[in-house]
Amino acid sequence: MAQENVSMGVTVGLGVFKTIATAYDIVTLPIYSIFQRPWVKRQSKRKIRARQEDPSDPYSAWVKVFKPPAHPILEEDTVDALFSRSARNNPNHNCIGSRKIFGEEDEKQADGKVFRKFIQDDKFTWLTYKETNERILNISRGLHALGLKRGDSVMIFAETRMEWFLSAMAAFRIGASISTLYATLGLDGLQHGINETEISYLITTHDLLPKINKIISNLPKLRHIIYIEGPNKSVSKLEWGDIKLVPLSILEEQGKQSKLSVETGVIKPDDTAVVMYTSGSTGVPKGVIITHRNLMATIRGFYAVAHSLDEKEIYMAYLPLAHVLELAAECFFLSMSIPIGYSTPHTMTDKSTAVRRGCSGDAVILKPTIMASVPLVLDRIRKAVMEKVEAKGIFFKELFSFFVQYKRFWTNWGFGTPIVNLFLCREIKKILGGRVRHIVSGSAPLSPDTHEFIRNVMDVVLIQGYGLTETAAGSALMDFDDFSVGRAGAPLYGLKIKLTDWVEGNYHPTDKPNPRGEIIVGGDCVTAGYFRNDGLTSEFYKQSNGVHWFYTGDIGEIYPDGTVKLIDRKKDLVKLQYGEYISLGKVETELKTCPVVDNICVYGDSFHDYLIAIVAPNEKALRNLAKQYNRENMTHSQLCKDPMMVEAVKKMFHERANNLNRTERPAKILLVDEEWTPDSGLVTAALKIRRRNIEARYIKDIDRLYKPNSNGAQSA
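Draft legend 1. Structural view of the overall build of the protein. A count of helical and extended segments in the protein gives 22 helices and 31 strands. The C-alpha atoms of the protein give 26 Å as radius of gyration, which agrees with the globular expectation for 716 residues (27 Å, within 12%). Taken along its principal axes, the extent of the C-alpha atoms in the protein is 85 × 65 × 55 Å. Within the protein, the fraction of its 716 residues that count as buried is 55%. Carbon together with sulfur atoms contributes 52% to the accessible area of the protein, which is approximately 31,800 Å² in total.

Next comes the structure, spelled out in structure tokens:
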């Protein structure tokens, strides 16, 4: 009876609220129509964003129809020349900044876990463009004095930080290139990258020195290690043999005192800028040769979309600079006089793992207006918001749902919702400092549900892009006035995208109503090839009619307005026993939105007729679910092995998998209590799953689940 009374109260309360909202809409609609001009936004839905070069040929390339206004970005042809020009034009503007770290301490959690916490300054310290340029010059002189010269390469093995960017620009300044490795890469990948490039110079951080030291005897060409110091200036005594260790601060000071001449303009557009190693989602990391021309092509493409941004914006950088998207984005923003504040995933919000209790995260202090993200992070933000909403009771949950639906309805009609923004979105935006207006998502497809949710509840322009290391992050990007979801936008300005047949998957450019097929990217963004791997280069890179093309392996669909939607991937396709082709990536994207999922890998075997989902569950969400089944006293490991919990998660999947057909829905589920981190080797530094590694790790469980009468429960 009490439950019925609560439900009745919620229904009545919401009914009253909806009545008031309806009356408000009727009264204010004419006013909003006059001042907001919603028809202008609605017109954007009919806007043609790209066209085919030859409309009569379904195999011809698509190109962007918009030409951007004049800007130095369109004139310069190397990254160093572009930054040098910005430094001359904006000497006193803020350029890059970060929070000083004074020390570290360990904090033990209630569950026994110990987290490293940073003792940080409560403000960002900024360098102007002039000061940044001076530091680049000093580091370049220091590197030059150490022996680095034009045509050489220096490896950067570090997390994203101000010194990473300064070191890269310093290498460019003297005509050298950089090679990059993710800081979370395992020892085998680290050794492979250093030895394949045969570099003599390595720039890293003090905390990564022990990792390098473990393989130091297997690095015959390495002669100099320049390390970025931590709050504790001392370095643990490790044996380095003939290798010379130099603190970056000392190298920079030596460069400051040096009289060596380092001239700008020594680089040419087709000089190598970066040998960038992929995150290795399918095996050993591959080095991709990226020239200055490649990077500049992508930067120009970004400008055509984001030319309306100005120096009042602030960009928060925290994604790996060893990922070409982050490197190209930072070069773009600095060329637009937009300052960059450096952060990390461990210090970004008040709840981040390296932020001390009661202290503020970087976003709250920096108050950025622009951020880049990846789908997994946005999925987690969505789940965190919903957890807080559900914790406030059924009435607040229903009210929140009404607000979201209300905003979605009016936004789709071209209207803004200032009242909802004030009382709902403003509070949620405080997680990221309160001023974020633009978020760009890349590295993997973003689910339409998450796209629309984040865009509405945070009141931001959320655009999705598509690119690869092999295309210098350039391919496609949504325009700011593109309000579709589930797509990656039109081809970037100056680039070309076309489709080709993939017979095995039954995708063809002649498909109706929209052409489909393997995406091929052409233009100056297409990189020179794979480092020291001519066989792989010739397989994926082709020349045709003077255009350099890269065959991506991704399957796309192109809409009449010229925007691209990723619908499949060759490597993610599995054929089940009775001939059904299943896109594993599609299934994973759909199920990632389930609150209980932290990460997921779907597996299919051609000798069986169903899929298996390997799930790394969110511990908090799993515990909340366990309360419904009187399992709250179990440990996380016990919950993952419990048959009833496995069935509960399976039921949740089936309730939410509205966009999946019967064969696409996993028939069996494996819950694992291991956290999937880059260090575990199960996900890349960009947080994409490493499918082969996951399959190898859990192959015994997979084999067990394919036996008759098995379920996802594991023996204790």
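Draft legend 2. Molecular detail of unusual backbone geometry. For the bond running from lysine 512 to proline 513, omega is 5°, close enough to zero to count as cis. Along the chain, the position of proline 513 falls in the loop between strand S21 (496-500) and strand S22 (516-522). The phi dihedral of arginine 37 falls on the positive side, at around 45°, and the residue is not glycine. A positive phi angle, close to 55°, is found at asparagine 630, a residue other than glycine.

Draft legend 3. A look at the sheet that holds strand S7 (residues 153-157). Spatially, the eight strands line up as an open sheet ordered S11-S10-S9-S7-S8-S12-S13-S23, and their pairing is mixed. The open sheet has two free edges, formed respectively by strand S11 (244-247) and strand S23 (529-530), since each of these has just one partner strand. In this sheet, strand S9 (residues 201-205) lies alongside S7 in parallel orientation, the contact comprising four bridges. Each bridged residue has a counterpart across the sheet, and for valine 154 the counterpart in S9 is tyrosine 201.

Draft legend 4. Summary view of the pairing of S9. By the criterion of burial, S9 is predominantly enclosed, with five of the five residues buried. Every second residue of S9 is oriented toward a common face, with Tyr201, Ile203 and Thr205 on one face and Leu202 and Thr204 on the other, all of them buried. In terms of strand pairing, S9 meets strand S10 (residues 224-228) through five bridges, oriented parallel. Residue pairing in the sheet places threonine 204 in a bridge with tyrosine 227 of S10.

Draft legend 5. How the structure looks around the nonpolar core. Counting 136 residues, the largest nonpolar core has Ile96, Ile178, Val274, Tyr315, Phe332 and Phe400 as the members making the most contacts within it. Grouped together as the second largest cluster of nonpolar side chains are 30 residues, Leu611, Met652, Phe653 and Ala657 included.

Draft legend 6. Spotlight on the sheet that holds strand S30 (residues 611-617). If you walk across this open sheet you meet the three strands as S29-S30-S31, and the pairing is mixed. Of all the strands in the sheet, the pair left with one neighbour each is strand S29 (597-604) and strand S31 (668-671). If you compare each strand with its neighbour and ignore which way they point, the axes differ by 25° on average. With seven bridges joining them, S29 and S30 adopt antiparallel strand pairing. Directly across from cysteine 601, in S30, lies its bridge partner isoleucine 614. Where helix H17 (residues 584-591) meets the sheet, its contacts fall on S29 and S30, and the angle it forms with S29 comes to roughly 155°. Across the sheet, helix H20 (residues 643-656) is in contact with S29, S30 and S31; its angle to S31 comes to roughly 120°.

Draft legend 7. Inspection of empty space enclosed by the protein at higher detail. Under the definition given, this model contains four cavities of 30 Å³ or more. Estimated volume of the largest cavity: approximately 90 Å³. The wall of the largest cavity is formed by 13 residues, among which Tyr24, Asp25, Tyr32, Tyr406 and Gly416 lie closest to the centre. Broken down by element, the lining of the largest cavity gets its largest block of residues, five residues, from helix H1 (residues 2-36). Of the residues assigned to the lining of the largest cavity, the class counts are nine nonpolar, three polar and one charged.

Draft legend 8. Expanded view of helix H9 (residues 292-306). Along its 15 residues, H9 runs 21 Å from first to last C-alpha, staying within 8% of the 21 Å computed at 1.5 Å per residue. Extensive coverage of H9 is indicated by the burial of 14 of its 15 residues.

What counts, and where the lines are drawn
Residues numbered from 1 in each chain as written. Predicted model: local features only at pLDDT ≥ 70, side-chain atom pairs only at ≥ 80, totals over all residues. Heavy atoms only, no water. Helix = DSSP H or I, 4+ residues; strand = E, 2+ residues; numbered from the N terminus. Rg over C-alpha atoms; globule rule 2.2 N^0.38 Å. Buried < 20%, exposed > 50% of the residue type's maximum accessible area, 1.4 Å probe, protein only. Areas by Shrake-Rupley, 256 points an atom, 1.4 Å probe, with all protein chains shown as cover. Pairing = 2+ DSSP bridges. Core = buried A, V, L, I, M, F, W, Y, C linked by side-chain atoms within 4.5 Å. Axes fitted to C-alpha atoms, helices over the stretch in contact; angles between N-to-C directions. Contact = heavy atoms within 4.5 Å. 1 Å grid on protein atoms, 1.4 Å probe; cavity = no way out; pocket = protein on both sides within 12 Å on 5 of 7 lines; lining within 4 Å. Points joined across faces, edges and corners; volume = space filled by probe spheres on them. Nonpolar A, V, L, I, M, F, W, Y, C, P; charged D, E, K, R; others polar. Expected span 1.5 Å × (residues − 1).

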